[in-house]
Amino acid sequence: MSQSHTAGLVIAWQAQSHRVYALVEVQWNRVDWIPETGRVVSLSTSRSLYDELVGLPLLGQCQPATAMLELDNYDDRFTPGAGGAVVPAIGLFRIPIRISMGYYLANGVDTESTRQFTGEIEISPRSATSDARTVSLSCVDVAMDIAQRKWSSQVYANQRADQLIATLLNQSDLSNRTLDYGISMFPYAWLDDENLWDEIQKIARADSGWFYIDENGYCCYERATHWLEGTYHTASQATLAQGQAWALEGNQTWRD
């Protein structure tokens, strides 16, 4: 799903030098979004349709996006048993987190960013030594909600791919979704104590499409013709000129 942005963000991105801005928010109490940007030592996110083993994107087989963060813990804010401000939550599983990235704008004060990751903390520190000054968090997108659920269903007859995917998503807590109109009609389908994530991926693959969780936490199904139809695929999103590049290299392999 495309995200709106101003011309100022484009100008900052195109500049020969720019200053990166990151916004990290965590829902420690599962209600309020608490900014932790000032404590970020490093962060990275990973999202791809590309399968590294075969060197190609594989139909239906997208992996959940991930994020890794290192946070400053100089005051034991994240140290269990040390009276840290988030101790009641830091040891718990599936803490909501969202990450946005962007730039400082031309005036050097204002910032603008777009969402890069919406998910949950999967691994957090259970203990820490007194001299630990940082903590590391491993995160996965909200696909975790369906990746850990199994379900048995009735037999469904003559349903499209998007209808079956919607039926399976209804068994989860994921209500935000954007599903393309499926191409294929499935004569019969049912689940017998099977994993929702795996079965949704199979449905997408059978319809020659992809199912994944986008940066905003939306469940997305894209059919085979999506890249020929989506407005943000058919219109230019950014233009690179010679003055904005340090180097240009052509590269084509047999997989292309």
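Refer to the structure printed above.
Counting restarts for each chain: residues are numbered from 1 in the order of the written sequence. In view of the model being predicted, local features appear only for residues whose pLDDT reaches at least 70, and side-chain atom pairs are presented and counted only at 80 or more, with totals across whole chains, interfaces and linings using the full set of residues. Think of the side-chain values as coming from all heavy atoms in the structure, minus any hydrogens and water.

Comments concerning the pattern of salt bridges
Stated formally: By convention in these notes, a salt bridge is any Lys or Arg side-chain nitrogen within 4 Å of a carboxyl oxygen on Asp or Glu. Partly exposed describes any residue whose relative accessible area lies between the buried limit of under 20% and the exposed limit of over 50%, with all areas from a 1.4 Å probe on protein chains only and scaled to the type maximum.
Applying the stated criterion across every chain, the model contains 10 salt bridges. D162 is the partner of R160 in a salt bridge, and the nearest nitrogen-oxygen pair spans 3.0 Å. As far as the burial class goes, R160 and D162 line up, both buried. Bridged by salt links that share partners, the residues R94, E120, D145, R149 and D173 form one connected network.

Observations concerning the pairing of strand β9 (residues 134-141)
For the record, the criterion: Numbering of helices and strands runs from the N terminus, with a helix taken as a DSSP run of H or I at least four residues long and a strand as a DSSP run of E at least two residues long. Only strands that DSSP links by at least two bridges are regarded as paired with each other.
Among the 8 residues of β9, 6 are classified as buried, and the element is accordingly described as predominantly covered. Of the strand pairs in this sheet, strand β6 (residues 66-72) and β9 are connected by 7 bridges, and their pairing is antiparallel. Residue pairing in the sheet places L71 in a bridge with V135 of β9. Strand direction decides the pairing type here: strand β8 (residues 111-123) and β9, joined by 4 bridges, are antiparallel.

Let's talk about the nonpolar core
Stated formally: The set of buried Ala, Val, Leu, Ile, Met, Phe, Trp, Tyr and Cys residues whose side-chain atoms join them within 4.5 Å is what this entry labels a nonpolar core. It only takes one pair of heavy atoms within 4.5 Å for two residues to be counted as in contact.
By size, the foremost hydrophobic cluster in this structure holds 23 residues, and its most contacted members are I146 and F211. When contributions to this core are tallied by element, the ones reaching two or more residues are α4 (161-169), β13 (185-189), α5 (196-206), β15 (210-213) and β16 (219-222). In contact with F211, not counting residues within four places along its chain, are C62, I146, I165, L169, W197, I200, Q201, A204, C219, C220 and Y221. Counting residues in each nonpolar core, the second largest holds 16 residues, with F78, F117, I121 and L137 among its members.

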